[in-house]
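One-letter residues, chain by chain:
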Amino acid sequence: MVSKVRSYRRSIHFMFIILLLFGSFPGIGFAKATAASEQPLVRNHSFENDLDSWETNGSSAITTPESAWLPENGGKKLLNYWAEGAYIADTYQIITGLENGEYTLSAWVAADGSFQEKYMYAKDAGSNEVTVEIPATSGGWTRIETAVAVENGQVSIGFYADAHAGAWLGVDVVMLVKNGDPSSPPVPEREDFIYGVDISTLTKVEDYGGKFYDQGVEKDAIDILTSYGSNYARLKIWKDPVDVYANGKAYNDLQDTINKAVRIKEADMKFLLNFHYSGFWADPGRQDKPASWTDLSFEELVQAVYDHTEDTIEVLKAEGAAPDMVQVGNEITPGMLFPDGRIDNNDFSKLAELLNAGIRAVRDTLGDDVPIMLHLDRGGNNSLYRWWFDGIISAGVTDFQIIGASYYPYWHGTLADLESNLNDISQRYQRDVIVVETAYGFTLDDADGHQNIFTEYEEDVAGYPATVEGQAKFLYDLLEVVRNVPDNRGLGFFYWEPAWLGVEGAGWRAGEGNAWENQAMFDLDGHALESLNIFTPGHVPPEPEPREREEKEEDPTLEGLTLHSLNKPATASSSAGSGGGKSNAPENAVEDNDHTSWGTDEGAGAWWKVDLEEKLPLERMLFHFWDGVKQVKIELSDDDEVYTTLDTYDVLSPKTDLTLPEGTAARYVRVTITEVSSNWVGFMYFKAYGSEKLPEPGEDGEDHEERPQTITVNLGETVEVYANAIVSINGTRSTVTLPADLPEGTLLTVNGVNPSRLDASKLLSAGDAFEFVFTYPAGAENYSGDFTLALAYNTDTYSADKVNIYYFDESNEEWLLCQGTAANGVITLGVSHFSTYGVFAELSGQPEPEAGNGGSEPGSNSGNNNHSGTGGTNGGSGDGTGAGSGDSDSTQESGDGEVENGTSSGENGGEDPTATETAEEQLPDTATSMYNLLLTGFMLLTIGITVIYVNKRRSITA
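Residues numbered from 1 in each chain as written. Predicted model: local features only at pLDDT ≥ 70, side-chain atom pairs only at ≥ 80, totals over all residues. Heavy atoms only, no water.

The protein chain has the name Arabinogalactan endo-beta-1,4-galactanase in an unreviewed UniProt entry, where Evansella caseinilytica is given as its organism. Its UniProt record gives the protein chain a comment under Sequence similarities (unreviewed entry), which states: "Belongs to the glycosyl hydrolase 53 family." As its UniProt record puts it under Catalytic activity (unreviewed entry), the protein chain is described as follows: "The enzyme specifically hydrolyzes (1->4)-beta-D-galactosidic linkages in type I arabinogalactans." (UniProt positions renumbered as here; feature names shortened; annotations may be inferred.)

*Asks:* Whenever I open this one, the overall build of the protein chain confuses me. Can you help?
*Replies:* Across its full length, the protein chain carries 12 helices and 46 strands. Burial statistics for the protein chain: of 958 residues in total, 54% are counted as buried. Taking contacts inside the protein chain between residues at least 6 apart in sequence as the whole, the part at least 24 apart equals 77%. Total accessible area on the protein chain stands at roughly 40,600 Å², and carbon and sulfur atoms take up 47% of it. (Helix = DSSP H or I, 4+ residues; strand = E, 2+ residues; numbered from the N terminus. Buried < 20%, exposed > 50% of the residue type's maximum accessible area, 1.4 Å probe, protein only. Contact = heavy atoms within 4.5 Å. Areas by Shrake-Rupley, 256 points an atom, 1.4 Å probe, with all protein chains shown as cover.)

*Asks:* Please clarify how the environment of valine 651 should be interpreted in this entry.
*Replies:* Tracing the backbone shows valine 651 in the loop between strand E31 (644-650) and strand E32 (655-659). The class of valine 651 is buried, set by a relative accessible area of 11%. Each C-alpha atom of the pair valine 651 and valine 676 lies 9.8 Å from the other, and the pair is 25 residues apart in sequence. Beyond its immediate stretch of four places on either side in the chain, valine 651 contacts Phe625, Val629, Lys630, Gln631, Val632 and Thr656.

*Asks:* Whenever I open this one, helix H4 (residues 254-266) confuses me. Can you help?
*Replies:* Because each turn of an α-helix spans 3.6 residues, side chains separated by three or four positions in sequence point in the same direction. Compared with the 18 Å implied by 1.5 Å per residue over 13 residues, the 18 Å span of H4 between its first and last C-alpha is a close match. By the burial criterion, the buried members of H4 are Asp256, Thr257, Ile258, Lys260, Ala261 and Ile264. Where H4 is buried, its residues contact helix H2 (202-207), helix H3 (221-227), strand E14 (232-237), strand E15 (270-275) and helix H5 (298-318). In the segment just after H4, aspartate 268 is the residue with positive phi, at about 65°. (Expected span 1.5 Å × (residues − 1).)

*Asks:* Would you mind going over the packing of aromatic side chains with me for this structure?
*Replies:* Centre distance and the angle of the planes are the two values used to describe a pair of aromatic rings. Applying the stated criterion across every chain yields a total of 53 aromatic pairs. Judged by centre distance (5.2 Å) and plane angle (55°), the rings of phenylalanine 348 and tryptophan 387 are tilted. With a gap of 39 residues between them, phenylalanine 348 in the loop between strand E18 (341-342) and helix H6 (349-366) and tryptophan 387 in helix H7 (residues 382-394) connect regions that are remote in the sequence. Judged by its relative accessible area of 4%, phenylalanine 348 falls in the buried class. Centre to centre, the rings of phenylalanine 625 and phenylalanine 683 are 5.7 Å apart; their planes meet at 90°, and the pair counts as edge-to-face. With phenylalanine 625 in strand E29 (residues 620-625) and phenylalanine 683 in strand E34 (residues 681-690), this residue pair connects regions lying 58 residues apart in the sequence. Residue phenylalanine 625 is classed as buried on the basis of its relative accessible area of 2%. Residue class for phenylalanine 683 comes out buried when judged on its relative accessible area of 0%. Directly above the aromatic system of phenylalanine 298 lies the positively charged group of lysine 350, at a separation of 5.2 Å from the ring centroid. Sitting above the plane of the phenylalanine 400 ring, arginine 431 keeps its charged end 4.0 Å from the centroid. (Phe/Tyr/Trp six-rings, centres within 6.5 Å; stacked < 30°, edge-to-face > 60°. Lys NZ or Arg CZ within 6 Å of the ring centre and 35° of its normal.)

*Asks:* Which parts of the structure should I look at to understand unusual backbone geometry?
*Replies:* A negative phi angle is the norm for most residues apart from glycine, just as the trans form is the norm for most peptide bonds. Cis peptide bonds are those with omega within 30 degrees of zero, and the linkage from phenylalanine 338 to proline 339 qualifies with 0°. Positionally, proline 339 belongs in the loop between strand E17 (335-336) and E18. Here the phi dihedral of asparagine 44 falls at roughly 50°; this positive angle occurs in a residue that is not glycine. With respect to the element layout, asparagine 44 can be found in the loop between helix H1 (2-23) and strand E1 (55-56).

*Asks:* Help me understand the nonpolar core, please; the structure alone is not making it clear to me.
*Replies:* Burial of nonpolar side chains together is a common tendency in soluble globular proteins. Leu355, Trp388, Phe389 and Phe535 are the most contacted members of the largest nonpolar core, which has 108 residues in total. Broken down by element, this core gets its largest block of residues, 9 residues, from H6. If we skip the residues at most four places from it in the chain, tryptophan 388 touches Ile332, Thr333, Ile343, Phe348, Leu351, Leu355, Leu374 and Leu376. Val721, Val736, Ile805 and Ile827 belong to the second-largest nonpolar core, a separate cluster that totals 39 residues. (Core = buried A, V, L, I, M, F, W, Y, C linked by side-chain atoms within 4.5 Å.)

*Asks:* What is the right way to look at the pattern of salt bridges in this model?
*Replies:* Where charged atoms from two side chains of opposite charge approach closely, those side chains can pair. The tally for this structure, following the rule as stated, stands at 38 salt bridges. The partner of aspartate 460 in a salt bridge is arginine 549, with the nearest N and O atoms 2.6 Å apart. Of this pair, aspartate 460 sits in helix H9 (residues 456-462) while arginine 549 sits in the loop between strand E22 (490-496) and strand E23 (562-563), placing them 89 residues apart in sequence. A residue is classified by how much of its surface remains accessible, and aspartate 460, at 32% relative accessible area, is partly exposed. A relative accessible area of 41% places arginine 549 in the partly exposed class. Across the pair lysine 615 and aspartate 638 runs a salt bridge whose closest N-O atoms are separated by 3.6 Å. You can see lysine 615 sitting in strand E28 (residues 607-617) and its partner aspartate 638 sitting in the loop between strand E30 (629-637) and E31, a full 23 residues away along the chain. For lysine 615, a relative accessible area of 27% translates into the label partly exposed. (Salt bridge = Lys/Arg side-chain N within 4 Å of Asp/Glu carboxyl O.)

*Asks:* How do you make sense of the confidence of the model for the protein chain when you look at a structure like this?
*Replies:* A low pLDDT means the predicted coordinates there should not be read in detail. Confidence in the prediction for the protein chain averages 82 pLDDT; 80% of positions are at 70 or higher. A low-confidence stretch, residues 699-703 (pLDDT under 50), is modelled with 0 contacts involving residues beyond four sequence positions or located in other chains. Low confidence marks residues 844-929, where pLDDT is under 50. Its contacts with residues over four positions away, or in another chain, come to 261 contacts. (pLDDT = per-residue confidence, 0-100.)

*Asks:* Would you take a moment to explain the environment of alanine 261 for this structure?
*Replies:* With respect to the helices and strands, the residue alanine 261 is situated in helix H4. Between the C-alpha atoms of alanine 261 and proline 323, which are 62 residues apart in sequence, the distance is 8.3 Å. What alanine 261 contacts, discounting residues up to four positions off in sequence, is Leu235, Phe271, Leu316 and Ala321.

*Asks:* Can you walk me through the packing of H5 against H6 in this structure?
*Replies:* The relative placement of two packed helices comes down to the angle between their axes together with the axis-to-axis distance. Closest axis-to-axis distance for the H5/H6 pair is 8 Å, and the angle between their directions is 25°. When the axes of H5 and H6 are compared, the pair comes out roughly parallel. Relative to H6, the crossing made by H5 is right-handed. For the pair formed by H5 and H6, the contact residues are Phe298, Leu301, Val302, Val305, Tyr306, Thr309, Glu310, Ile313, Glu314 and Lys317 on the first element and Lys350, Glu353, Leu354, Ala357, Gly358, Arg360, Ala361, Val362, Asp364, Thr365 and Leu366 on the second. Grouping the amino acids of the contact of H5 with H6 by side-chain chemistry returns 11 nonpolar, 3 polar and 7 charged. (Axes fitted to C-alpha atoms, helices over the stretch in contact; angles between N-to-C directions. Parallel < 35°, antiparallel > 145°, perpendicular 65-115°, else oblique. Left-handed = near helix turned anticlockwise from the far one by under 90°. Nonpolar A, V, L, I, M, F, W, Y, C, P; charged D, E, K, R; others polar.)

In structure tokens form, the structure reads like this:
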């Protein structure tokens, strides 16, 4: 009888082995057990990534084979114990960061054979341990569970077996769920649900020394991400990358993309390839052509899109890294490949041609089964998505299967806005939807000293604490929106740059820092965060506690100063987008809410102005600029007509604090954005501080009466001038703004310019010209100060890029070029000494500024005789990049409408090579030109009379 029993048990054992082996072949399976509805906190809970996140005692009996004979939701693999001889196997995982309380640990198990012991266990950091026996099963799987009490935020779970020879044990779908959380079953996910990551910067981080850790052990970042459940990776590719880094590499080019794509495939992840069709960040703020495409005709550009797409995919295929999904263009809300592919007056036709060229290349290389995505920003803006997709489909772009949306909760509205949009567009266009970019901050700390995009302001707007738990809760709530899209159209999400550590050298562009490291999913030292559990299907994070905040102390340096700008009238050149829960508007920058803003997509040249309603003393100006602002010019006025330039400031940090020159006072302040890195520009707040009022006459220690701000002087007149005054030359728009330290008793005489000097060769008089004579009091004869000269020019005849200020060199009796800034009919120039100045245009060609005679580099204040300018090169240049949204290093507040990517460039007064006007056609109506014209006419008349006389004499002689 004993022999028969052993024979029977041996038969059952072999039957289990056969079942397991048969189950390893596709298509040969058994009825699956009902899946548990609870949500796991266990990493790699179904062993799809083998033993990642698990530890063992090293037994060779422990394996993770593939099999189709698994419980529901068990994936493809299981934890398997088996050996020909006796063995002891132990596999366990330590879970930290838990809320204290009661949990349920469960697993699906199957077993056969003889064991000394076999059980599932859970133990805390002390000696407390609970176990549950793993039963023998008869041809199927069974679910076991046990209650677990967590007291110190940590628990160790595992599966132990002391087995006799040939005994077998299987484990799958290990779950740890806090009791009562959630109260309802989870929303079922489609089997191909995407838990994606964009890791485009990964190789750059690694090359510059970034390292990654999980549970204190250094590992490959991709292995860590997959161990938590990430199953898809996204990579952007640039054509002709703009930046080459200190190590000689151009990241996101073809070779860099190949290197990362091969690793993605080796990790058994799927791969989304994101074509930017640019050499730099492409987003709503900029869609620049690659350098090698800038001179192509539109037809050639369409072909270039096809060729680049085809060539890239063919190379990736040859490397065994063919993409599983392709994105044609990145955040192409305003279009792409500017200016050709920009949407202009709702005309999508050229953009459609470019997109269809890329789509054809995908189909010709990858076939019809690979899904194609079209991607916009502002995922909470339903009207924008309807406008765009209605327009692009009507223009003939129909072969795309997925709508991708960027959604950052501090830029793109509420989760309810996102939900409404995804639900609508998935039904309206019958396409799957993916949140293809999102992120959230886990801290407000900074690793590299570069200003981060995510600050307390973004935290307040989004409403989740800037903690690991807050990051996890936001992502969970986001996933709930995607999972609930009707008809199972929600395909998943991609977290943007979870591995972008703040290591020196790996910035958003060569030579700059990283503004994103506090939104990664690794801490500032590269250790995996608990929020990565969100990639495990069914994971439910704990409710986050509010972040402890330090009480904000009043800035002691502002004590005694009055905030003059609060709620004062403000205007701007334009406004677009929204921020802080309301539409961007000029007045938002001066209201008592630092989270609202003025902003626009106008880029360089956009201006904002505030009326302080009376002339007031100004000592400090505080700004919180958007990331796209790189330089501003600040001007002051008492009457909103004549403005003087206070200075031009480089914006080195979003929060900028300017201390103004002593004696500064004005009623109007105008801020013009002169240099940008994105067309989305603006600021959250502007704060102007100063003493409560201007001093009454005599309060400054002087006995003089109150002086007017503006002094009007007639030609040939000598007047006394004083500090901070504006000298207006009667009958003109030209002015001189005087320094704050101008000596008392200074006299100024303004004369017209001798006509013989105006007759200098190669120059055309294009505006005002004056001789300035300053007479300083005894003891101050060698005074040198910061004056601002503003000379008017003839806007009816000349554009700003055709004119400039010159000064007359007495020693050589010639006019020499200065560096001024022209705008609105006036050229401004910073000077320290005065002589004779005038506005001129060149007859042909513009010489470089004379070395040692007033010429200088733009923005400098050096040069012989101190005639050099401070205004920068006339014409200037500018371009734009995006904010915001995610694929990029910018803080972008978004808005409807097209985004202008304006650029301008030019030397001072340089001729446009495409211009057809001649110098004679450009002659202004001046006394000098009339004199020259009359002299030429008289000479021609004399020659004509002489010819007629000679011919008549010959006729008489004949």
